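Close look at the chain arrangement
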Amino acid sequence: MRIEREVKLDFKDVLIRPKRSTLTSRSEVNLNREFTFPHSKTKWKGIPIVASNMDGVGTLGMAKALSKQRIMTALHKFHTDDDYQKINKDFAFVTFGIREPDEARLRSLVKKKQTPKFICIDVANGYTQRFVDFVKLARNLAPDSVIMAGNVVTGEMTEQLILSGADIVKVGIGPGSVCITRTVTGVGYPQLSAVIECADAAHGLGGLVCSDGGCVTSGDVAKAFGAGADFVMLGSMMAGHTESDMPIIEKDGKKFIEFYGSSSSYAMDKHSGGKANYRASEGKVTHMPYKGDVASTVEEILGGVRSTCTYVGARRLKDLSKCTTFLRVTQQVNTSLNAYEA
Ligand code: 5GP
């Protein structure tokens, strides 16, 4: 056993210091980014926010609405190949796991010449050899596709994934709003530090990172970009909308939409005929207040990030990280560690 003593930070542990700026209005800020992905060599331009591949978030309705604003959606795993044909493919990831049916599906899409332009390989624990092998296999089968793979939280695994063929590494273990991994397993990594460390590792190899989970406000989204995230994935902030493609539940005169973790017993009952005995549920089920159409939420998020950029003098989202100085605003009390020191 060993203890790492360096303080690791979450979004709530920091604020962004304002800086002198020549910008006069938020409207001068450009939130579009242009990337050439390192393996696929594909070019893409858009606002680098991604709706998460969760039920009620990574839906067709969401993909249709967000693509109009040049924002991406990672479709959840339960869409059919035909569903994918109905949306703008420049702004949608098709999600795969790493099991045999996932491999069979990818092989069949490649054979039908319907290889997705954007592939998301998504597992809760990105530290297994099987996952690395799947990323290599996907890169071989789909050399021209943009591959995003995760989740991991450390530099060495980020490097491993990029060297194995991922263009974008998805970063985050345990920060999700409906995630209980930290409680159930004790495993996790404060999200801001994970993004800073993984972005540093990825950028050194010409790769990119997507911060996944833990954003509850537009300020958190700005902090993720400030920390070096190239993309930011959002679950709860995008849930609870008309585009969730789920029934609206009325309770005591108020409207709600279900929102639950992809590894909750509820999701496993719904999609996989129940939770296997050897697994523990690592997700919660909630009722999210209905928020109307996603367009107004997106406006709020983008308005917030534009405002952050004006506070620090970043004319383009690309410059936000360079212009960011974080102030630590919480003290971590580590008296509990003393017991181990004795
Ligand atoms: P949020 O933006 O809601 O804080 O986080 C969304 C992210 O939480 C998702 O993109 C995914 O990575 C993660 N997530 C979703 N469902 C679950 C779950 O059931 N368990 C865990 N551990 N993480 C989840």
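A brief report on the enclosed structure follows.

1. With respect to the overall build of the protein
- Counting its secondary structure elements, the protein contains twelve helices and 14 strands.
- Over its C-alpha atoms the protein spans a radius of gyration of 20 Å, differing by no more than 12% from the 20 Å that the globule rule assigns to 342 residues.
- Expressed as lengths along the three principal axes of its C-alpha atoms, the size of the protein is roughly 55 × 55 × 55 Å.
- Residue pairs at least 24 apart in sequence account for 65% of intrachain contacts in the protein once pairs closer than 6 positions are excluded.
- As displayed, the protein has an accessible area near 16100 Å², and 50% of this comes from carbon and sulfur atoms.

2. Overview of the sheet that holds strand β11 (residues 249–251)
- Taken in spatial order, the three strands of this open sheet run β11-β12-β13, and their pairing is antiparallel. Either end of the sheet is taken by a strand with one partner, and the two such strands are β11 and β13 (285–289). Taken over all neighbouring pairs, the strand axes of this sheet differ in orientation by 45° on average, direction set aside.
- As paired elements, β11 and strand β12 (residues 254–260) share three bridges and run antiparallel to each other. Bridge pairing links K251 to K254 in β12.
- Sheet contacts for helix α9 (residues 265–272): β12 and β13; angle to β12, the most-contacted strand, approximately 75°.

3. Things to note about the environment of I98
- Checked against the element boundaries, I98 lands in the loop between β5 (92–96) and α3 (100–111).
- Sequence separation between I98 and V132 is 34 residues, and the spatial gap between their C-alpha atoms is 9.6 Å.
- In this structure I98 touches I121, V123, T128, R130, F131 and F134, once residues within four positions along its chain are discounted.

Calculation criteria
- Residues numbered from 1 in each chain as written.
- Predicted model: local features only at pLDDT ≥ 70, side-chain atom pairs only at ≥ 80, totals over all residues.
- Heavy atoms only, no water.
- Helix = DSSP H or I, 4+ residues; strand = E, 2+ residues; numbered from the N terminus.
- Rg over C-alpha atoms; globule rule 2.2 N^0.38 Å.
- Contact = heavy atoms within 4.5 Å.
- Areas by Shrake-Rupley, 256 points an atom, 1.4 Å probe, with all protein chains shown as cover.
- Pairing = 2+ DSSP bridges.
- Axes fitted to C-alpha atoms, helices over the stretch in contact; angles between N-to-C directions.

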